[in-house]
Amino acid sequence: MKFVIVFVALFAVALAAPPQQQVEIVRQDSDVQPDGYRFGYETSDGSKHDEEGKLNNIGTDEESISVRGSFSFVADDGQVYTVNYIADENGFQPQGAHLPVAPEA
């Protein structure tokens, strides 16, 4: 009898859970070269990500990669949030209207 009560309770919880949305890739591209790369994708839920990386000072002791990109997503509040970023010898530097900004020194 206890098993039936537990089973019915779990079944009721499963029915009450919101259905999971199926997300599909609607755009995807990439290009990889010896001195850099580029990729991008977009999904059916409104998420996007585009990025480009470039090799700097090729063949030297100062060889490094610099990356520039952007991603956006639709939050639970229905608003689209976008982050633009650079990642290079100065670290990861994100920018977005919703991100806090450190005060000037």
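A few points on the structure. (Residues numbered from 1 in each chain as written. Predicted model: local features only at pLDDT ≥ 70, side-chain atom pairs only at ≥ 80, totals over all residues. Heavy atoms only, no water.)

Description of the packing of aromatic side chains
One pass over the full model with this rule turns up four aromatic pairs. Between Tyr85 and Phe92, the aromatic rings sit 5.6 Å apart at their centres with planes inclined by 40 degrees, giving tilted as the arrangement. Grouping aromatic residues by their ring pairs yields a cluster made of Phe71, Tyr85 and Phe92. (Phe/Tyr/Trp six-rings, centres within 6.5 Å; stacked < 30°, edge-to-face > 60°.)

Structural notes on the side chain of Thr43
Within the element layout of this structure, Thr43 appears in strand β2 (residues 36-43). For Thr43, a relative accessible area of 13% gives the class buried. Polar side-chain contacts of Thr43 include one of 2.4 Å to the side chain of Asp45. Not counting residues up to four positions away in its chain, the partners in contact with Thr43 are Val23, Glu24, Ile25 and Val26. (Helix = DSSP H or I, 4+ residues; strand = E, 2+ residues; numbered from the N terminus. Buried < 20%, exposed > 50% of the residue type's maximum accessible area, 1.4 Å probe, protein only. Polar contact = N/O pair within 3.5 Å; in protein donor to acceptor, adjacent residues only side chain to side chain. Contact = heavy atoms within 4.5 Å.)

Thoughts on the pattern of salt bridges
Taken as a whole, this structure holds four salt bridges when the rule is applied. Between Glu42 and Arg27 there is a salt bridge; the shortest N-O distance is 3.8 Å. Here Arg27 lies in strand β1 (residues 25-33) and Glu42 lies in strand β2, a separation of 15 residues in the sequence. Here Arg27 ties to Asp50 by a salt bridge, and the two come within 3.1 Å at their closest N and O atoms. One end of the pair, Arg27, is in strand β1; the other, Asp50, is in strand β3 (residues 48-56), with 23 residues separating them in the sequence. (Salt bridge = Lys/Arg side-chain N within 4 Å of Asp/Glu carboxyl O.)

A closer look at the sheet that holds strand β5 (residues 80-88)
Strand order in this open sheet of six strands is β1-β2-β3-β4-β5-β6, and the pairing throughout is antiparallel. Two strands in the sheet have a free side with no partner beyond their single neighbour: β1 and β6 (91-95). Within the sheet, the average angular offset between the axes of one strand and its neighbour, ignoring direction, is 10 degrees. In this structure, β2 lies alongside β3, joined through seven bridges in antiparallel fashion. From the neighbouring strand, Glu42 faces β3, where its bridge partner is Lys48. (Pairing = 2+ DSSP bridges. Axes fitted to C-alpha atoms, helices over the stretch in contact; angles between N-to-C directions.)

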